[in-house]
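One letter stands for each residue in the lines below.
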Amino acid sequence: MVGKVNDRGEYLLHLRDYFPGLIWEPGMWSLLGGGREPQDATLEDTVRRELAEEAGLDIDGLTPFATEYASNDDGATVPIAIHAGRWNGDPRELHLTEGVMLAWFTPDDLHRLHIADTTSDLVRRHAASLPANTAPRSRLAPQEERRASPHGTVLNVIGVHLYLERPDGTVLLGLRHPDSAFAPSTWHASSVH
């Protein structure tokens, strides 16, 4: 697996396909990567091959960061080598061949994601190891000031849903927050009251 961080201290995460029983951690955000194959002479070769196969990425300066251990479906312990690298590109321009999407997140964003605790902990440990001038910064905007409604206004709650479709037929959806009152942790059109 490989953790890619940009100059803003954000991490590139991969939303895995939701195929329970067919892939590991279905429907969860993770780092890019995969298993070693016979042609891979080193673990770095595995990382480079996986990056190229999954997203068409070739990253200079990959460095080993950690080795984690996970249990596979058979209960066997499997070592996972983690490499780190720096990339400042736009993930929307990559050709993703596995999974649903790639996106940048700061460590402060991770609590909102459907992500394995081990992956979240790994990203946080890596962020803590960075020099202070490259530490991740939160992307949250300051709280907006709300104006009071005019006297006599009656509140009518109306749901507004935004349906956006590209000429090729793809539709824009957002993954709802796990604590959302309506349809938590599901994909939905952008909506507000």
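Structural notes on the confidence of the model for the chain
In step 1: Averaged over all residues, the pLDDT of the chain equals 82, while 84% of them reach at least 70.
In step 2: Low pLDDT, under 50, characterises residues 138-145; the predicted model gives this stretch 6 contacts beyond four residues in sequence or across chains.

Quick word on the packing of aromatic side chains
The description of an aromatic ring pair rests on the distance of the ring centres and on the angle between the ring planes.
In step 1: Under the criterion given, the structure shown has 2 aromatic pairs.
In step 2: Note on Trp 29 and Phe 105: the rings are 4.9 Å apart at their centroids and 75° apart in plane angle, and the pair reads as edge-to-face. Taken together, the residues Trp 29 in strand β3 (residues 29-30) and Phe 105 in strand β6 (residues 101-105) connect sequence positions 76 residues apart.
In step 3: What makes Trp 29 buried here is its relative accessible area of 4%.

Examining empty space enclosed by the protein
In step 1: If you walk through the whole model with that rule in mind, you get 1 cavity of 30 Å³ or more.
In step 2: Estimates place the volume of the largest cavity at around 60 Å³.
In step 3: Taken together, Gly 3, Tyr 11, Leu 31, Phe 65, Ile 82, His 83, Ala 84, Leu 122, Val 123 and His 126 make up the full set of residues lining the largest cavity.
In step 4: Elements with a contribution of two residues or more to the lining of the largest cavity: β5 (77-86) and α2 (117-129).
In step 5: Residues of the lining of the largest cavity, tallied by class, amount to 7 nonpolar, 3 polar and no charged.

Cut-offs used in this document
Residues numbered from 1 in each chain as written. Predicted model: local features only at pLDDT ≥ 70, side-chain atom pairs only at ≥ 80, totals over all residues. Heavy atoms only, no water. pLDDT = per-residue confidence, 0-100. Contact = heavy atoms within 4.5 Å. Phe/Tyr/Trp six-rings, centres within 6.5 Å; stacked < 30°, edge-to-face > 60°. Helix = DSSP H or I, 4+ residues; strand = E, 2+ residues; numbered from the N terminus. Buried < 20%, exposed > 50% of the residue type's maximum accessible area, 1.4 Å probe, protein only. 1 Å grid on protein atoms, 1.4 Å probe; cavity = no way out; pocket = protein on both sides within 12 Å on 5 of 7 lines; lining within 4 Å. Points joined across faces, edges and corners; volume = space filled by probe spheres on them. Nonpolar A, V, L, I, M, F, W, Y, C, P; charged D, E, K, R; others polar.

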